[in-house]
Each structure stands twice: as structure tokens, then as C-alpha cells.
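Inside the fold
In case you want the letters, here they are:
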Amino acid sequence: MRPGVMLGGQEWVRVVLPGDEVVPYDPETSSERIVLGPGLRWEDGMVRVAKAGLLKKVSRDLYFVDTHQKRYVPQRREYVIGIVVKKMGDLYKVDIGASEPATMSFLSFENASKKTKQDLSLGDLIYGQLIVANKHMEAELVCIDAYDRAMGMGVLPAGGVMFNISLHIARQLINPHNPFLLTLAAKVKYTIVVGMNGRVWVKAAKQRDMVALMNCVLMLEHMTPEQAEDKALWLMEALMV
């Protein structure tokens, strides 16, 4: 793949190593605003690389380093899929694939109150957003936005299947216009939820369709999107015979 190529809405810039300089930036004097994603840091007027990988950008102002990584490091405002693992009074402990579980209040749902609180069970799958994520505090998960609306977040319905993928694959899939997902949608109706923590949940009418969709997405771990798309088409067409 050559620098400058667009893939799933992301532009590949170049291969980078820790310490490499990306772009000079001074928020006090610059007329443009840039957003730094995982793998980058700003210091002394320069955006520098913190992790080795592929430097990518989305639109013209969001940069991040794409690395082959499976251990999730919580980042504020990222959407993740978690598993309820413990209940402690008014709080739940939720496994988000990080070194420590996140906490969630029973009031972290749309229209929740002490009288109408959400009752979660161990093993429930939660799709939510991290509002606290730093090395000095426990990560905190909520299922509402700034206006107390669910916006698709909450407990995922029963009957779906969840599996894990690498974090860089998850970032590719989150793009709603991802051509790979659109190709699968042309063959079978399904619902998919992708967490930035590398967890994917899919649901379809038939069990075999869900297994096929899972295997198709996992192809991206070892193939280019073009190769995986051709293989996925062959697999989905074989199931419909």
C-alpha cells in the first residue's frame, strides 16, 4: 500500500517509530484545529509519535497511529463493548478488555432513576461510552450522551454473538461507509456493533449467518480488505445455495 491511499475513509500517511515528528502545531497561534488519536502526543509545539505503526488520518484534522494491538488501553469518549462481571451496591464492574474493569452506575442509562433503574445481570453485554479514562482513576462507562439520550447505547439484545478482533481492525470497521461491511449487507441482513476495544457483536436471523459473518470479519486479521471481500462473497454465496 502506498502513502496517500484512502482505505475505509482513512488515509495512510507513512510508517512511523516512537519519537518521529508528525507536524508542528501551536494551539495558541494556529488557525486550524487538529485532533490527536492513539499513539500520538503533543509537546513543545510538535506532534510526536509514541508508538510504532502506520500514521493515518481521518478527514483532514484527525491523526492516529494504527498498530497491531489486542490489549485495550481505555481512552475517554471511545465507545466500547463490555461484559458485566460484578455488582457492588449501586455500581457494576464491567470488563472492557483492559487491565482493570470499568465501573458503571445504575443511573448511567436513559431515563434511569432510583425507581426505574436498569437491572443488569452478570454476563450482560453493554455498549457504552467511556467518560473517565486515565492512569490515575478507574475507567467509567455510561450509556447516555451529554443530553442524557441513549443514542443506540445500552444492553445488547440476547441472541447475538460477540468475538474479538485486533484494535486496528476495529477502527477500520467503525466507519459506517466501510465497503467490506456494505458488501456483506448486500448478501444478508444483520446488525453489527463494533467497540474500539476490539470487540464485535453481530446478530442475524439465522445462526449460520452469524457464524459466517464472524468468520468473514476475522478474515481481515490475515488478508487485505480486497482479499477478504472476495473470500467473504464466495462464503456468503455458498451458504445461500
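Above this note sits the structure.
This section reports on the structure supplied with the text. Keep in mind that this is a model prediction, so the values were computed, not measured.

1. Some words on helix α3 (residues 207–218)
Relative to the 16 Å expected for 12 residues at 1.5 Å per residue, α3 spans 17 Å between its end C-alpha atoms, a close match to the ideal helical length. When α3 is considered as a whole, its buried residues turn out to be D209, M210, A212, L213, M214, C216 and V217. Buried residues in α3 make contact with β15 (161–164), α1 (167–173), α2 (179–185), β16 (190–194), β17 (199–204) and α4 (225–239).

2. Some thoughts on the nonpolar core
Of all hydrophobic cores here, the largest spans 26 residues; its most connected members are I165, L173, F180 and L184. If you list the elements that add at least two residues to this core, you get α1, α2, β16, β17, α3 and α4. Here this core gets six residues from one element, more than from any other, and that element is α3. Excluding its chain neighbours within four sequence positions, the residues that come into contact with F180 are L173, C216, V217, L220, P225, A228, E229 and A232. Counting 25 residues, the second-largest nonpolar core is a separate cluster that includes V84, M104, I126 and W201.

3. Focus on the packing of α3 against α4
The geometry of α3 relative to α4 is characterised by a closest axis approach of 10 Å and an angle of 170 degrees between their N-to-C directions. The angle between α3 and α4 places the two elements in the roughly antiparallel class. Classified by chirality, the crossing of α4 by α3 is right-handed. Counted together, R208, A212, L213, N215 and C216 of α3 and A232, L235, M236 and L239 of α4 form the full contact between these two elements. Here the contact of α3 with α4 is built from residues that sort into seven nonpolar, one polar and one charged.

Conventions and cut-offs
- Throughout this document, residue positions are counted from 1 along each chain, in the order its sequence is written.
- Local features in a predicted model are, by the rule used here, given only for residues with pLDDT of at least 70; side-chain atom pairs are given and counted only at 80 or more, and totals for whole chains, interfaces and linings are based on all residues.
- Side-chain descriptors were evaluated using all non-hydrogen atoms of the structure, hydrogens and water having been removed beforehand.
- Every helix listed is a DSSP run of H or I at least four residues long, and every strand listed is a run of E at least two residues long, numbered separately from the N terminus.
- One less than the residue count of a helix, multiplied by 1.5 Å, gives the span that helix is expected to have.
- Type-normalised accessible area, obtained with a 1.4 Å probe on protein chains alone, sets the label of each residue: buried when under 20%, exposed when over 50%, and partly exposed for intermediate values.
- By the convention used here, residues are in contact when the closest approach between their heavy atoms is within 4.5 Å.
- To define a nonpolar core, start from buried Ala, Val, Leu, Ile, Met, Phe, Trp, Tyr and Cys residues and group those joined through side-chain atoms within 4.5 Å.
- To get an axis, a line is fitted to the C-alpha atoms, and for a helix only the part in contact is used. The angle between two axes follows their N-to-C directions and goes from 0 to 180 degrees.
- When describing relative orientation, an angle under 35 degrees is termed roughly parallel and one over 145 degrees roughly antiparallel, while 65 to 115 degrees is termed roughly perpendicular and anything else oblique.
- Crossings are sorted by hand: turned counterclockwise from the far helix by less than a right angle, the near helix makes the crossing left-handed, and turned clockwise it makes it right-handed.
- Classification used: nonpolar for Ala, Val, Leu, Ile, Met, Phe, Trp, Tyr, Cys and Pro, charged for Asp, Glu, Lys and Arg, polar for all others including Gly.

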